[in-house]
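If you want the building blocks of each chain, they are given just below.
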Amino acid sequence: MIDANTKAGEEGVGGAPVVVSAAPAENTGGHLHPMTQTINEIVKIFSEIGFQVAEGPEIETEFNNFDALNVPKDHTSRDMQDTFWLKDAGLAGERMLPRTHTSPVQIRFMQSHQPPFRIIAPGKVFRNESTDATHEAEFFQVEGMYIDKNVSLANLKFVLESFVKKFFGEETEMRFRPSYFPFVEPGFEIDIRWKDRWLEVCGAGLVRPEVMEAGGIDPKDWSGFAFGMGLDRMVMLKYGIDDIRNMYSGDLRFVNQF
Amino acid sequence: MLISQNWLKKYFTDDARSLPDAKTIENTFTMGIFEVEGVENVITGMENVSDTVYDIKVLPDRAHYCYSHRYVVQELGALLNIPANLPVYDPAKIASQIDSGLIVNVNVAEDKVVEEKNRFVCPRYMARRVEGVEAIASPLWLKTALEALGQKSINVLVDLTNYIMLETGQPLHAFDADKVEGDINVRYAKEGEIIVLLDGTEVALTSHILVIADEKDALAIAGVKGGKKAEVTAETKRIIIESANFDSVSVRKTSQKVGIKNESSKRYENKVTPERTQLAMNAISESIATIFPSAKFGNITDIYLGKPETKRFDVSVKFINDAIGLKEGIGADKIIDILLRCDIKAEATSNDNLTIHVPEYRLDLEIGYDIVDEVGRILNYMNLVPVPLQAEDNRPVLKNFYYMNALRKVFQGAGFSEVYTHSLKENGDVEILNPLNIERGFMRNTIGEGLIKNLEHNLRYVDLLGLDAVKIYEIGTIFGGKVERPSLAFGIANAKKVKGYNFEAEAEKVFNQILSSEYFVGTSLDLNILKSSAKFTEANIGTGGVNVVGNVCEIELQKIIEVLPDPKSDIYFETPKLIKYKKYSQYPFMVRDISVFVPGEAIQAEAVKSIITKNGTELLNSVRLFDVYTKNKEGEPVKTSYALRLVFQSDDRTLTDDEVTQIMQNITTEMNGVEGWEVR
């Protein structure tokens, strides 16, 4: 899925030896994990157009993770083979789970804030998936939401287009392809052109009225868009990392390259 | 779903506006409705006829109608604005072949899907008896059409059921009428009842599985798979055709239970409207009549328990324009036109209002936003002009996010490397019901204890990394009881024993660095708060009898953040340079030290290094100067000793001692060759 993307001869890369010239006394510079760097870069880009950072718990109720987001009761994403569930029920007897996406932050923020608002919410999510080079049971997403009067698809296109240009580069080609997510309508997948291939980087759409109602916002008065991105893939694309397991290995042969 | 180009062509018969090339079709699908996952050119069984097959990824919201050539054609025609001529199957065409004496009696269980009032397990069951047919080989056109889509041709009767399913999306089944004993009963299986399937496997049924049975035995698992008993074979002369509707959840559960997923179960699982059974029954009847002109058809038995209501709803022209964000709005007429292309009838009922009449096969159209999508994709989202958001000045800063970044700044400055480790761990207070494995059965209740393992792991690579000590930290969430909270843990492991080393004193240094940093200075945070929220862990992480200790300190972040003031603006890190990550080698590395006396003061380090890099070959991974001292003795010339540590590693093999020794010899020889230099 991800190209290793290392080319011998590039600066500090490949065959040429990396010469560490600093004596120990000078070697005090720490390293920031590439996930931190990516999250902060994304937050910065969105903050420039007024998005504030929001957060939510990693353990969620079934309601916030699924029901409120219009995921059908019998949807397969609720099955044990896709989602981890906690052994113990929540305080009100509801089923609890490590959240499968950052979208419940939408619900929590709507419930506790009056529109208009613009949020960007990075965080860890969990899926019941066996681990390999491109899959992890724990990974990161970032959620975005904008609620206001008369929010349009043209606004959504503006926001995501400017993000893609700033994050991946001004020349990056992008497309807005129809897709489906239960919590938005119309729904889209945003692809970028990456080395002659189209790669999905973001899901997005207009917030469905059912979702707004679950968040306590009247869909007759307000409208909005939401989007979500898988951060691991973006980190991997950006730096040419070929194995997602590196991200959570705690191995400094990985981290100290950043 | 595989879609055949030749099949599409049959519906686009307007010569003037024929189908565009395959590339345009692929792009139209992708940008207008479904992603195309593959396009393949297929050689067919017909002479000089090739086909192009598109593998389209049907999305869940349209799966209830687009697992069919018919409706995919409808969508493609709408997107390309080329009218498609969808076949009309008029029952009058076979009127002369009707024999009302041919009867099928059907009894359908009136069970409903639990908890839901109007969902019957079998909303509709249609059956028709047909005589005067033969299970002969299929005509070439039929064989070719199926084979292009990867389906095996069996005989004309079975093939037609498959063909009509691929066309209409409605699964069909044919039973050998002579093998059916008495009435057709749609009922739940008896516990332990056995059915032998078409492929010969025996399945023991349970009472939750719906079956099609005759008076004695189960003939088929409803919506999933036919049985051996009433199989259509070479001897078959009379058949009963089933065109039925089964509840999506019931079929999904049955399909999971018996472990069979196929073209039929897939369609039922995605909900098919019960209205479509009629279309498919008419279609297959007409096809059979064409191939067997003397065949006789009984009247259709139709048990229809769950007829859906026709749907209509209102949406305003303004709503559609606002939601898409069209700079120059479109009027009701244009919207009505667009929707008509999508086979949706819209009626202007007042100035700004449209009443949408939902076609019976579109179960997905329910709200105004669904109409926005239909209009938007026909207008083509690629043409939509982006509209900037209004400026927003009020942008509150999230306290947790701000202070976590502030701490990262401090730890970065203090020479720590940030790690991210797993939240799913072997131990904890919050247990996972269905863990991946026992090593990841709990949500962690500490970060610090986990970091000990990372200290131990990284200690093996200090030479490769050019470090004297492993210094790491992580900021993340820990889970205790029903509460989760942010936590920060940092740990240090020294590669060699350091005299008088005291980790708590080191931690205090870090605390003081926090307190004196620009983000915390002048706040109520003090050393006491930091110390009281810290927990220390120590573990022996030495291997092979070496006594090495790893120390970790974990801080309850909430206790710190709560005393801090609300921040005004976020902290940002420098935009990272475009670093390309280099995959680290999986092979062992070798370490060699070299020290050399060079005449003069300590200004020759670069010259020393350049000889090393010149001779080091591609196996030299890093060079680190670890000791320099200058000898300045009375009566002797001034000379300086440089001690360096060289690390060798290959990306594709384990190095031998000999090859590294050879490289070291080359370096030594060149150094000793320089006037006054002396390798020690």
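Residues numbered from 1 in each chain as written. Chains lettered and ligands numbered in written order. Predicted model: local features only at pLDDT ≥ 70, side-chain atom pairs only at ≥ 80, totals over all residues. Heavy atoms only, no water.

Chemist: Please clarify how the overall build of chain B should be interpreted in this entry.
Modeler: Of the regular secondary structure elements, chain B holds 20 helices and 30 strands. Relative to the globule expectation of 26 Å for 680 residues, the C-alpha radius of gyration of chain B, 38 Å, shows a markedly less compact shape. Seen through its C-alpha atoms, chain B measures out along the principal axes to roughly 125 × 65 × 60 Å. Burial status across chain B gives 53% buried among its 680 residues. Considering only contacts in chain B between residues 6 or more positions apart, those separated by 24 or more positions represent 70%. Roughly 31000 Å² of accessible area belongs to chain B as shown, and the carbon and sulfur atoms make up 49% of that amount. For chain B, the separation between the mean place of its 78 positive charges and that of its 98 negative charges on side chains is 2 Å. (Helix = DSSP H or I, 4+ residues; strand = E, 2+ residues; numbered from the N terminus. Rg over C-alpha atoms; globule rule 2.2 N^0.38 Å. Buried < 20%, exposed > 50% of the residue type's maximum accessible area, 1.4 Å probe, protein only. Contact = heavy atoms within 4.5 Å. Areas by Shrake-Rupley, 256 points an atom, 1.4 Å probe, with all protein chains shown as cover. Lys, Arg positive; Asp, Glu negative; His and termini not counted. Charge placed at Lys NZ, Arg CZ, Asp CG, Glu CD.)

Chemist: Got a minute to help me understand the packing of aromatic side chains in this structure?
Modeler: Aromatic ring pairs are reported here in terms of the distance separating the ring centres and the angle at which the planes meet. In the structure shown here, the tally under the stated rule is 39 aromatic pairs over all chains. Pairing A:Phe163 with A:Phe167 gives two aromatic rings, centres 5.5 Å apart and planes at 20°, and the pair type is stacked. Here A:Phe163 and its partner A:Phe167 are both found in helix H4 (residues 153-168), four residues apart, which amounts to about one turn of the helix. Note on accessibility: A:Phe163 and A:Phe167 belong to one class, buried. Ring geometry for A:Phe188 against B:Tyr381: centres 4.5 Å apart, planes inclined by 85°, an arrangement best described as edge-to-face. With A:Phe188 in strand E7 (residues 184-194) and B:Tyr381 in the loop between helix H12 (368-379) and helix H13 (399-413), this pair bridges two chains. Accessibility classification places A:Phe188 together with B:Tyr381 in one group, the buried group. Among the aromatic residues, those joined into a cluster by ring pairs are A:Phe46, A:Phe51, A:Tyr146, A:Phe163, A:Phe167, A:Phe168, A:Trp194, A:Phe225 and A:Phe227. (Phe/Tyr/Trp six-rings, centres within 6.5 Å; stacked < 30°, edge-to-face > 60°.)

Chemist: I'm lost on the interface of chain B and chain A in this one. Help?
Modeler: Interfaces are often described in size by the accessible area the parts lose on coming together. On the side of chain A, 111 residues touch chain B, which itself brings 103 residues to the contact. Taking both partners together, chain B and chain A bury about 9400 Å²; carbon and sulfur atoms supply 58% of that area. Contact with chain A buries area across many residues of chain B, yet B:Leu389, B:Tyr420 and B:Tyr581 alone supply 10% of it, more than any other trio. A:Glu138 serves as the salt-bridge partner of B:Arg440, at 2.9 Å between the closest nitrogen and oxygen. (Buried area = accessible area lost by both parts, 1.4 Å probe. Salt bridge = Lys/Arg side-chain N within 4 Å of Asp/Glu carboxyl O.)

Chemist: Whenever I open this one, the domain arrangement of chain B confuses me. Can you help?
Modeler: Residue and element names in this part refer to chain B. Domain annotation for chain B reports domain 1 (2-80), domain 2 (91-304), domain 3 (312-383), domain 4 (399-561) and domain 5 (590-679). The C-alpha centroid of domain 3 is placed 24 Å from the C-alpha centroid of domain 1. Across the boundary between the two partners, domain 1 contributes 12 residues, which contact 13 residues of domain 3. Summed over both sides, the interface between domain 1 and domain 3 buries roughly 1100 Å², with carbon and sulfur atoms accounting for 48% of that surface. Of all residues in domain 1, Arg62, His64 and Ala78 give up the largest surface area on contact with domain 3, accounting jointly for 37% of the area buried on that side. Between domain 1 and domain 3 we count four salt bridges in total. For Glu75, the salt bridge is made with Arg362, and the minimal N-O distance between the two is 3.7 Å. (Domains from an automatic or database assignment.)

Chemist: Quick question: what am I supposed to make of the packing of helix H1 (residues 34-47) of chain A against H4(A) here?
Modeler: Packed helices, taken two at a time, are described by their axes: the angle between them and the distance between them. Residues and elements named next belong to chain A. Between H1 and H4, the shortest axis-to-axis distance is 10 Å and the interhelical angle comes to 135°. Regarding the angle of H1 to H4, the classification is oblique. With respect to the hand of their crossing, H1 and H4 are arranged in right-handed fashion. Here H1 contributes Thr38, Glu41, Ile42, Ile45 and Phe46 to the contact with H4, which in turn contributes Val159, Phe163, Lys166 and Phe167. (Axes fitted to C-alpha atoms, helices over the stretch in contact; angles between N-to-C directions. Parallel < 35°, antiparallel > 145°, perpendicular 65-115°, else oblique. Left-handed = near helix turned anticlockwise from the far one by under 90°.)

Chemist: Which parts of the structure should I look at to understand H4(A)?
Modeler: An α-helical turn contains 3.6 residues, so a residue and the one three or four places further along point in the same direction. All names here are of chain A. Taking 1.5 Å as the rise per residue, H4 with 16 residues should run 22 Å; its terminal C-alpha atoms sit 22 Å apart, in good agreement. Of all 16 residues in H4, 12 are buried; the element is thus mostly enclosed. N-cap assignment for H4: the residue whose side-chain oxygen lies 3.3 Å from the backbone N of Ala154 is Ser152. The first or second residue beyond H4 is Gly169, which carries a positive phi of 120°. (Expected span 1.5 Å × (residues − 1). Polar contact = N/O pair within 3.5 Å; in protein donor to acceptor, adjacent residues only side chain to side chain.)

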